[in-house]
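# Survey of secondary and tertiary structure
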Amino acid sequence: EQRRIAFIGAGNMTKSIISGLVKNGYPADFITASNPSTGKLDALKSELGINTTQDNNHAVKSAEIVVLAVKPQLMQQVCAEFSKDCDLKGKTFVSIAAGINTARLKEMLGGDLPVVRTMPNTPSALGLGMTGLYADSLVDPASKQFAGDLMSMVGKIAWVEQESMINGVIAAAGSSPAYFFLFLEAMQSEA
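Report on the accompanying structure. (Residues numbered from 1 in each chain as written. Predicted model: local features only at pLDDT ≥ 70, side-chain atom pairs only at ≥ 80, totals over all residues. Heavy atoms only, no water.)

Here we take up a nonpolar patch on the surface. Together, F181, F183, L184 and M187 make up an exposed nonpolar region whose accessible area comes to about 410 Å². Following the sequence through the fold, F183 ends up in helix α7 (residues 166-190). What makes F183 partly exposed here is its relative accessible area of 45%. (Patch = residues over 30% accessible without salt bridge, like charges linked within 9 Å, V, L, I, M, F, W, Y side chains within 5 Å. Areas by Shrake-Rupley, 256 points an atom, 1.4 Å probe, with all protein chains shown as cover. Salt bridge = Lys/Arg side-chain N within 4 Å of Asp/Glu carboxyl O. Helix = DSSP H or I, 4+ residues; strand = E, 2+ residues; numbered from the N terminus. Buried < 20%, exposed > 50% of the residue type's maximum accessible area, 1.4 Å probe, protein only.)

To find the voids left in a structure, one rolls a probe of water-molecule size over its atoms. Estimates place the volume of the largest pocket at around 770 Å³. Forming the walls of the largest pocket are 36 residues, and the residues nearest its centre are G11, A69, V70, K71 and I96. At the level of elements, α1 (12-23), α4 (72-85) and α7 are the ones that each hand at least two residues to the lining of the largest pocket. The leading source of residues in the lining of the largest pocket is α4, at 5 residues. For the lining of the largest pocket, the class distribution of residues is 20 nonpolar, 12 polar and 4 charged. Reported here for the second largest pocket is a volume of approximately 170 Å³. (1 Å grid on protein atoms, 1.4 Å probe; cavity = no way out; pocket = protein on both sides within 12 Å on 5 of 7 lines; lining within 4 Å. Points joined across faces, edges and corners; volume = space filled by probe spheres on them. Nonpolar A, V, L, I, M, F, W, Y, C, P; charged D, E, K, R; others polar.)

Glancing now at the nonpolar core. Across soluble globular proteins, you tend to see nonpolar side chains buried next to one another. I5, F7, I17, I18, L21, I50 and V67 are the most contacted members of the largest nonpolar core, which totals 29 residues. Sequence-distant contacts of I5, defined by excluding residues within four places in its chain, comprise L21, Y26, F30, I31, T32, A63, I65, V67, F146 and L150. Among the nonpolar cores identified, the runner-up in size contains 22 residues, and A6, C79, L109 and L113 belong to it. (Core = buried A, V, L, I, M, F, W, Y, C linked by side-chain atoms within 4.5 Å. Contact = heavy atoms within 4.5 Å.)

Turning next to the packing of aromatic side chains. Summed over the entire model, instances satisfying the criterion amount to 2 aromatic pairs. Aromatic side chains Y26 and F146 sit 6.3 Å apart centroid to centroid with 65 degrees between the ring planes, which places their arrangement in the edge-to-face category. With a gap of 120 residues between them, Y26 in the loop between α1 and β2 (31-34) and F146 in helix α6 (residues 141-151) connect regions that are remote in the sequence. Note on F146: relative accessible area 6%, which makes it buried. (Phe/Tyr/Trp six-rings, centres within 6.5 Å; stacked < 30°, edge-to-face > 60°.)

This next bit is on the state of the cysteines. One pass over the full model with this rule turns up 0 disulfides. Cysteine C79 is unpaired, with the sulfur of C86 as its nearest cysteine sulfur at 11 Å. Residue C79 is classed as buried on the basis of its relative accessible area of 0%. (Disulfide = S-S within 2.5 Å.)

Between α4 and helix α5 (residues 102-109), whose axes approach to 8 Å, the crossing angle comes to 45 degrees. It follows from the interaxial angle that α4 and α5 lie oblique. Side by side, α4 and α5 meet where M75, Q76, C79, A80, F82 and S83 of the first sit next to R104, L105, M108 and L109 of the second. Looking at the contact of α4 with α5 residue by residue, the classes come out as 7 nonpolar, 2 polar and 1 charged. (Axes fitted to C-alpha atoms, helices over the stretch in contact; angles between N-to-C directions. Parallel < 35°, antiparallel > 145°, perpendicular 65-115°, else oblique.)

The next point concerns the packing of α1 against helix α2 (residues 38-48). Packing of α1 against α2 brings their axes to within 11 Å, and their N-to-C directions diverge by 15 degrees. When the interaxial angle is binned, α1 and α2 end up roughly parallel. Considering how the two elements wind past one another, α1 and α2 form a crossing that is right-handed. From α1, K15, I18, S19 and V22 reach across to α2, where they touch L44, E47 and L48. In the contact of α1 with α2, the residues fall into 4 nonpolar, 1 polar and 2 charged. (Left-handed = near helix turned anticlockwise from the far one by under 90°.)

The following block contains the structure:
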């Protein structure tokens, strides 16, 4: 299934996901990335042929799936901008922002909208990641499948039944291995 996707934020995870999509045959003209600065946008446009804009409203208006890929501390401001100017009905939101639960995200978006919360880990940048996903009750089966397919572009996925279980995925796939490698690095340095 092909849907129009807007990526709000054009950082490393966005680049990884879009790269996976395009390399697997997803039409580049169905993808738009939005970011305040042009450097990352220009790189995405030239490397992958996607649409780019500095206007979040423009990106959101034309999308069916909106991937929220901004830093958690910027999410409130970013959502406030387009939630007041765009009709968000019929759109599914996929969040890759750490620490913002679906209830809080819905508050930021200004309504009871379908939200898929995901937590990819660092190896996703290499296409070798592990992403935990949680879909709230408003996400229809086709949108849930689409979100899973989207995140599988950067590695393996695991759906959780309860949102609180995302924290376990973060610990197992992200924080714990990073701590383990930091510990080994310190041992190596000391030796």
